[in-house]
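Residue-level listing of the chains:
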Amino acid sequence: MSDAESRPLIAVLNGPNLNMLGLREPGLYGAATLDDVEQLCAETGDQFDLAIDFRQTNGEGELVTWVQECRGRAAGIVINPAGYTTTSIALMDALLAVELPVIEVHITNIHRREEFRHHSYVSKAAVGVICGLGIQGYALALSAMAAIVGADE
Ligand code: DHK
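Rules and cut-offs
- Residues numbered from 1 in each chain as written.
- Predicted model: local features only at pLDDT ≥ 70, side-chain atom pairs only at ≥ 80, totals over all residues.
- Heavy atoms only, no water.
- Phe/Tyr/Trp six-rings, centres within 6.5 Å; stacked < 30°, edge-to-face > 60°.
- Lys NZ or Arg CZ within 6 Å of the ring centre and 35° of its normal.
- Near = heavy atom within 4 Å.
- Polar contact = N/O pair within 3.5 Å; in protein donor to acceptor, adjacent residues only side chain to side chain.
- Areas by Shrake-Rupley, 256 points an atom, 1.4 Å probe, with all protein chains shown as cover.
- 1 Å grid on protein atoms, 1.4 Å probe; cavity = no way out; pocket = protein on both sides within 12 Å on 5 of 7 lines; lining within 4 Å.
- Sits in = over half its atoms within 2 Å of the grid points.
- Nonpolar A, V, L, I, M, F, W, Y, C, P; charged D, E, K, R; others polar.
- Helix = DSSP H or I, 4+ residues; strand = E, 2+ residues; numbered from the N terminus.
- Contact = heavy atoms within 4.5 Å.
- Salt bridge = Lys/Arg side-chain N within 4 Å of Asp/Glu carboxyl O.
- Buried < 20%, exposed > 50% of the residue type's maximum accessible area, 1.4 Å probe, protein only.
- Points joined across faces, edges and corners; volume = space filled by probe spheres on them.

**Student:** Explain the packing of aromatic side chains here, please?
**Tutor:** The geometry of an aromatic ring pair is captured by two quantities: the separation of the ring centres and the angle between the planes. Enumeration according to the criterion identifies zero aromatic pairs in this entry. Looking at Arg24, its charged tip hangs above the ring of Tyr29, at a distance of 4.1 Å from the centre. Cation over ring: Arg55 sits above Trp66, and NZ or CZ is 5.1 Å from the ring centre.

This is the structure we're talking about:
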């Protein structure tokens, strides 16, 4: 394992209402909390020699700003855009602007749910999408990101 300084930085960004994981519709989203997701991402980052910057916001503008700040700073972005998936052209534009590999994650299988959740603006900027595999989707995304940024070589 390399030292923390030399690890590629991956931003793991979470959109609105994901701070309520564990409390929120547990039949759909499961019992794990956002702290559990952060812990999983930290462990997966260690496994694949990635540094992780894990964040959550309910604000669209803040999410756009965080994405912009990744340019020149991060090697890739894993994002669960939550409710902004289906609405935010601004978020899509920011993800396209930073010219970084983006992996989109959804805890639930959005294609099994209401029609309005099926379309994603974010997918236009993503190299891949993982949905329906619960919080393990974050670990799978980081594993794929390690291969994309060459951290697993
Ligand atoms: C989370 C949300 O908050 C919803 O708005 C999306 C996504 C699905 C998830 O499955 O993680 O539609």
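**Student:** Can you help me understand the site of the ligand in this one?
**Tutor:** Around the ligand sit Arg24, Tyr29, Asn80, Ala82, Gly83, His106, Ile107, Thr108, Ile110, Arg113 and Arg117, and that is every residue in its neighbourhood. Here Thr108 contributes a side-chain N or O atom positioned 2.6 Å from an oxygen atom of the ligand. Residue Arg117 places a side-chain N or O atom 2.9 Å away from an oxygen atom belonging to the ligand. Expressed as a share of its isolated accessible area of 310 Å², the protein-covered part of the ligand is 95%. For the ligand, the cavity whose grid points lie within 2 Å of the majority of its atoms is the largest pocket. A class-by-class count of the residues in the shell around the ligand yields four nonpolar, four polar and three charged.

**Student:** For this particular structure, what's the right way to read the environment of Ile110?
**Tutor:** Within the secondary structure, Ile110 sits in the loop between strand 4 (102–106) and strand 5 (128–131). Counting along the chain gives 10 residues from Ile110 to Ser120, while the straight-line C-alpha distance between them is 9.7 Å. Non-local contacts of Ile110, meaning those with residues more than four positions away in its chain, are made with Arg117, His118 and Cys131.

**Student:** What is the right way to read the pattern of salt bridges from this model?
**Tutor:** Counted under the stated rule, the structure contains seven salt bridges. Asp46 is the partner of Arg7 in a salt bridge, and the nearest nitrogen-oxygen pair spans 3.0 Å. Here Arg7, found in the segment before strand 1 (9–14), pairs with Asp46, found in helix 2 (residues 34–48); they are 39 residues apart in sequence, far enough to count as distant. Salt-bridge contacts for Glu114 lead to Arg117; the nearest nitrogen and oxygen are separated by 2.7 Å. Residue classification places Arg117 among the partly exposed positions, given a relative accessible area of 23%. Taken together, the shared-partner salt bridges connect Arg7, Asp46 and Asp49 into one network.

**Student:** Looking at this model, I keep getting lost on the layout of surface pockets. Mind explaining?
**Tutor:** Summary: where empty space remains is shown by rolling a probe the size of a single water molecule over the atoms. Counted as a void, the largest pocket has a volume near 220 Å³. Considering the residues around the largest pocket, the lining is formed by 17 residues, among which Tyr29, Ala82, Gly83, His106 and Arg117 are closest to the centre. When its residues are assigned to classes, the lining of the largest pocket shows seven nonpolar, seven polar and three charged.

**Student:** Please clarify how the side chain of Asp53 should be interpreted in this entry.
**Tutor:** As for its position among the elements, Asp53 is in strand 2 (residues 51–56). Here the side chain of Asp53 touches Arg73 through a polar contact of 2.7 Å, side chain to side chain. Here Asp53 is in contact with Leu9, Ile10, Ala11, Val12 and Arg73, once residues within four sequence places are set aside.

**Student:** Quick question: what am I supposed to make of the side chain of Arg113 here?
**Tutor:** By the secondary structure assignment, Arg113 is in the loop between strand 4 and strand 5. With relative accessibility at 14%, the residue Arg113 sits in the buried group. Side chain to side chain, Arg113 and Thr108 meet in a polar contact 3.0 Å long. Non-local contacts of Arg113, meaning those with residues more than four positions away in its chain, are made with Leu28, Tyr29, Thr108 and His118.

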